[in-house]
Amino acid sequence: MSAFSAAAGGQRRIRKIQLLALLPVSIAAVVNCGYQYLSVLAADPGRASDDLRSNLAAGLGASYQEPGFYDWIAAGLAHFLPMLLLALVIGGFWERIIAAQRKRALESGFIPIALLLTLMLPGSAPFSHIVYGMSFAILLGKGIFGGDGKTFISPALLGVAIVQVSFPSAAVQHPLWQGLAGYSGSDAIARFHRGGEAALGEAGIDLWSAFIGNISGTLGTTSLLAVGLGAALLLSARIIAWRLLLAQFIGLAVVATLFNLSGSAEGAAAMPAYWHLLLGSFAFGAVFIACDPFASCCTTPGRWIQGFLIGALVVLIRVANSTHPDAVIPAMLLASITAPLIDHAVIAWNIRQRGRRHV
Amino acid sequence: MQESKWRILIRPLIDDNPLTLQILGICSALAVTTSLDTALLMSFVVVCVLALGSGSVSLIRNHLPHSVRIIVQITIIASLVIVVDQVLQAYAFELSKRLSVFVGLIITNCIVLGRAEGYAMHNGFVASVLDGIGNGLGYSLILILVGAIREFFGKGSLLNVQILVPTSQGGAFEPLHLMLLPPSAFFIIGGIIWYIRRKRPQQVEKPEFTLRQLRQESE
């Protein structure tokens, strides 16, 4: 028993710090979600729909006329909290069943998974998608592999990917802000794809607003500032590997620059590396998904290789496939299933080198 | 030990199912189960080929030189598949176009060769035919189940009869695109295997590895 509880204690520490690191991201998500929702409503009040989240926002007194800080937070919470609560309830429900079937104690890993899943969905994601994605995340992402700490891909990533694959029409709008039913905007990366930096300017996106996260996007992934705060905490607690994180940025920068330098650079191929970092959910994914301590490479050269692979794949898919404007989900899915292979190769290579040294 | 004829026919349905226990013929099960009608047709074709193939191989089993047996088996199976393909094109042209290459690929369906080599080479004609039909039915059972689940959740219909109204036509049902992609068949077959092995624990394989107990840190 104590052997298991020692391991569980380590996991509990990791989970606490993960949740703490997600706090700035969640706050940014709430504020930005409310801000975007109210500014859409202010531009076109007739769009107010009659669903739970809009009613809740109105009930909390969030007004789109001259909105202030309170209005943003109220409207943001009205969107964020129901989604998070639903994800927690569904996750807890499946965990209960798994724990009862296996006659084990209840695992708490579903809490960060629920939070991550919510943060990677748009503020208007239908509740059915959350139920569906969370069920897949817990059952297929974690349950059948033996629970917390035995996953080989991040369960939250799997959940979001399954939602995107299952509902392609929603996935097209996935990176967009659509807090209101029927509202169609355009994702920042898709904009750049069509019209370059000028198109971003038209939509009011500049470096500063993209940095603090004041742009439309999935809930938690817009603010580089908040993600950076979380990353600093995770790095200082030594939960994520700095090599893996750095290698991802290097991979992104190198491949983006190569595309910029290639002769016929247009669309997303002309997008400089800093925009790749600022727009879309790359930074969020890099810190919270790809560096998942249980699902990433654990050898030092392996971390460099896998990180570079993720960064390169993100840019490659963004440039090559305009149906995935924000290529983070497929790129990270692809890269995380290579982790065991990379580790295996690195260890085999190391054994061979050492064998040669001591003939 | 002589099995009763009835056992030979029934055993491959669940106890020795070609898909869920022998793990044969998975590829075609992923490919043809996007809708129920193709799954039904494929099941029918495979049952025919399996029964005739096993029967034919069993008839000539004592005259077959050991070294060329696989070639002869494949020739018999391939001829049968071509006949079935021609019959399909004559009487069910539309469906045969949708099944396209997969009817031809029954030649490479592991179940057919597996039963011919593994059973028909050592058993009499009647037993071999029954074994072929039984395995074909076991394959069909899973195929029809998976096809029904995939068509129902992927399109909201069964046998092309719309049961749930999709959102694109104003209904409340949101089709799961995932179900129309091959990976969903993996998930569903995996789920079926899990369920069967839960009900019949004797099918569970012995683990190849056991996790080492963690050392206690407080010592």
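Residues numbered from 1 in each chain as written. Chains lettered and ligands numbered in written order. Predicted model: local features only at pLDDT ≥ 70, side-chain atom pairs only at ≥ 80, totals over all residues. Heavy atoms only, no water.

Chemist: Mind showing me how you'd approach the overall build of chain A here?
Modeler: Each helix and strand counted, chain A has 16 helices and zero strands in total. Taken over 359 residues, chain A has a buried fraction of 51%. When the accessible surface of chain A is summed, it comes to about 15700 Å², and 66% of that surface belongs to carbon and sulfur atoms. (Helix = DSSP H or I, 4+ residues; strand = E, 2+ residues; numbered from the N terminus. Buried < 20%, exposed > 50% of the residue type's maximum accessible area, 1.4 Å probe, protein only. Areas by Shrake-Rupley, 256 points an atom, 1.4 Å probe, with all protein chains shown as cover.)

Chemist: Sorry, what's going on with the overall build of chain B here?
Modeler: Within chain B, the secondary structure is distributed over nine helices and two strands. Each helix and strand of chain B, ordered N terminal to C terminal, gives the series α-α-α-α-α-α-α-α-β-β-α. Counting only C-alpha atoms, chain B reaches 70 × 60 × 30 Å along its principal axes. The contacts of chain B with a sequence gap of at least 6 include a subset with a gap of at least 24, amounting to 74%. For chain B, the exposed area adds up to about 12100 Å²; of that, 66% sits on carbon and sulfur atoms. Between the mean site of the 17 positive side-chain charges and the mean site of the 14 negative ones, chain B shows a separation of 4 Å. (Contact = heavy atoms within 4.5 Å. Lys, Arg positive; Asp, Glu negative; His and termini not counted. Charge placed at Lys NZ, Arg CZ, Asp CG, Glu CD.)

Chemist: Would you mind going over the nonpolar core with me for this structure?
Modeler: Soluble globular proteins tend to bury their nonpolar side chains together. Counting 123 residues, the largest nonpolar core has Met134(A), Trp275(A), Leu279(A), Phe284(A), Phe288(A) and Ile106(B) as the members making the most contacts within it. The residues touching Met134(A), leaving out its near neighbours within four places in the chain, are Ala87(A), Ile90(A), Gly91(A), Phe110(A), Ile113(A), Ala114(A) and Leu117(A). Tyr37(A), Leu41(A), Ala62(A) and Ala78(A) belong to the second-largest nonpolar core, a separate cluster that totals eight residues. (Core = buried A, V, L, I, M, F, W, Y, C linked by side-chain atoms within 4.5 Å.)

Chemist: How should helix H15 (residues 328–336) of chain A be read in this particular structure?
Modeler: In an α-helix there are 3.6 residues to a turn, and that puts residues three or four apart on one side. Residue and element names in this part refer to chain A. Of all the positions in H15, only Val328, Ile329, Ala331, Met332, Ala335 and Ser336 are classed as buried. Each buried residue of H15 sits inside an arc of 165° when the element is viewed along its axis, so together they form one side. Elements that come into contact with the buried residues of H15 comprise helix H6 (155–166), helix H11 (242–261), helix H13 (282–290), helix H14 (300–320) and helix H16 (339–357). (Arc of directions from axis to C-beta.)

Chemist: Looking at this model, I keep getting lost on the layout of surface pockets. Mind explaining?
Modeler: Empty pockets left among the atoms are what a rolling probe the size of a water molecule brings to light. By volume, the largest pocket is sized at about 1200 Å³. Listed by contribution, the elements that provide at least two residues to the lining of the largest pocket are helix H3 (69–102) and helix H5 (127–139) of chain A together with helix H8 (125–155) and helix H9 (182–199) of chain B. With nine residues, H9(B) is the largest single contributor of residues to the lining of the largest pocket. In the lining of the largest pocket, the residues fall into 16 nonpolar, six polar and three charged. (1 Å grid on protein atoms, 1.4 Å probe; cavity = no way out; pocket = protein on both sides within 12 Å on 5 of 7 lines; lining within 4 Å. Points joined across faces, edges and corners; volume = space filled by probe spheres on them. Nonpolar A, V, L, I, M, F, W, Y, C, P; charged D, E, K, R; others polar.)

Chemist: Just to check I follow, could you spell out unusual backbone geometry for this structure?
Modeler: Note on backbone geometry: most residues besides glycine have negative phi, and most peptide bonds are trans. All names here are of chain A. Unlike most non-glycine residues, Lys103 shows phi in positive territory, near 55°. On the secondary structure map, Lys103 appears in the loop between H3 and helix H4 (110–119). Exposure remark for Lys103: the relative accessible area of 75% places this residue in the exposed category. Notably, Arg238 is not glycine yet its phi reads approximately 60°, a positive angle. Considering the arrangement of structural elements, one finds Arg238 in the loop between helix H10 (224–236) and H11. Under the relative-accessibility criterion, Arg238 is labelled exposed at 74%.

Chemist: Help me understand the environment of Gly25(B) in this model?
Modeler: Mapped onto the elements, Gly25(B) comes out in the loop between helix H1 (5–10) and helix H2 (26–31). For Gly25(B), the residues in contact, after removing those within four places along its chain, are Leu19(B), Asn109(B), Cys110(B), Ile111(B) and Tyr139(B).

Chemist: Please clarify how the state of the cysteines should be interpreted in this entry.
Modeler: Here a disulfide denotes a covalent bond joining the sulfur atom of one cysteine to the sulfur atom of another. For the coordinates displayed, the defined rule picks out zero disulfides over all chains. Cys298(A) provides the cysteine sulfur closest to Cys297(A), a residue in no disulfide bond, and the two sulfurs are 7.1 Å apart. Of the residues examined, Cys297(A) reaches a relative accessible area of 1% and is grouped as buried. Between Cys110(B), a free cysteine, and Cys27(B), which holds the nearest cysteine sulfur, the sulfur-to-sulfur gap is 5.0 Å. (Disulfide = S-S within 2.5 Å.)

Chemist: Even after reading the chapter, I still don't get the pattern of salt bridges, so can you show me in this structure?
Modeler: Should their charged atoms come close, side chains of opposite charge can pair. Counted by the stated rule, this structure contains 11 salt bridges over all chains. Linking Lys142(A) and Asp148(A) is a salt bridge whose minimum nitrogen-to-oxygen distance equals 2.4 Å. Of the two residues, Lys142(A) and Asp148(A), both sit in the buried class. Of the charged contacts, one joins Arg11(B) and Asp131(B) as a salt bridge, the two residues approaching to 3.8 Å between their closest N and O atoms. Here Asp131(B) lies in helix H8 and Arg11(B) lies in the loop between H1 and H2, a separation of 120 residues in the sequence. Owing to a relative accessible area of 13%, Arg11(B) belongs among the buried residues under this scheme. (Salt bridge = Lys/Arg side-chain N within 4 Å of Asp/Glu carboxyl O.)

Chemist: In this structure, what is going on with the packing of helix H7 (residues 110–120) of chain B against H8(B)? I would like to understand it.
Modeler: Each packed pair of helices is defined by two parameters, the angle between the axes and the distance between the axes. Residues and elements named next belong to chain B. As a packed pair, H7 and H8 sit with axes 10 Å apart at the nearest point and diverge in direction by 145°. The two elements H7 and H8 meet at a crossing, and its hand is right-handed. Contacts from Ile111, Arg115, Tyr119 and Ala120 of H7 reach H8 at Ala127, Ser128, Asp131, Asn135 and Tyr139. Its residues placed into classes, the contact of H7 with H8 shows five nonpolar, two polar and two charged. (Axes fitted to C-alpha atoms, helices over the stretch in contact; angles between N-to-C directions. Left-handed = near helix turned anticlockwise from the far one by under 90°.)

Chemist: So what exactly am I meant to see when it comes to the packing of aromatic side chains here?
Modeler: The way to describe two aromatic rings as a pair is by their centre distance and the angle between their planes. All names here are of chain A. Using the criterion set out here, one finds 13 aromatic pairs over all chains in the structure. For the ring pair Tyr35 and Trp72, a centre distance of 5.1 Å and an interplane angle of 85° mean the geometry is edge-to-face. One end of the pair, Tyr35, is in helix H1 (residues 2–43); the other, Trp72, is in helix H3, and 37 residues separate them in sequence. Residue classification places Tyr35 among the partly exposed residues on the basis of a relative accessible area of 30%. Residues Trp242 and Trp304 carry aromatic rings whose centres are separated by 6.1 Å and whose planes lie at 90° to one another, so their mutual orientation is edge-to-face. Residue Trp242 is located in helix H11, and its partner Trp304 is located in helix H14; the two are separated by 62 residues in the primary sequence. The class of Trp242 is partly exposed, set by a relative accessible area of 47%. (Phe/Tyr/Trp six-rings, centres within 6.5 Å; stacked < 30°, edge-to-face > 60°.)

Chemist: In this structure, what is going on with a nonpolar patch on the surface? I would like to understand it.
Modeler: Residue and element names in this part refer to chain A. A grouping of Leu235, Trp242, Leu246, Ile250, Val254, Leu258, Trp304, Ile305 and Phe308 is seen on the molecular surface, where their side chains present a nonpolar patch of about 780 Å² in accessible area. Residue contributions to the nonpolar patch peak at five residues, all from H11. By secondary structure assignment, the location of Ile250 is in helix H11. (Patch = residues over 30% accessible without salt bridge, like charges linked within 9 Å, V, L, I, M, F, W, Y side chains within 5 Å.)

Chemist: How should I be thinking about the side chain of Ser96(B) in this particular structure?
Modeler: Residue and element names in this part refer to chain B. The topology assignment puts Ser96 in helix H5 (residues 93–99). Judged by its relative accessible area of 7%, Ser96 falls in the buried class. A distance of 2.9 Å separates a polar side-chain atom of Ser96 from the backbone oxygen of Phe93. Ser96 has contacts with Leu88 and Gln89, leaving out every residue within four places of it along the chain. (Polar contact = N/O pair within 3.5 Å; in protein donor to acceptor, adjacent residues only side chain to side chain.)

Chemist: So what exactly am I meant to see when it comes to empty space enclosed by the protein here?
Modeler: Residues and elements named next belong to chain A. Under the definition given, this model contains six cavities of 30 Å³ or more. Residue assignment for the lining of the largest cavity shows that the elements contributing at least two residues are H1 and H4. Here the element with the most residues in the lining of the largest cavity is H1; it accounts for four residues. For the lining of the largest cavity, the per-class residue count stands at seven nonpolar, six polar and four charged.

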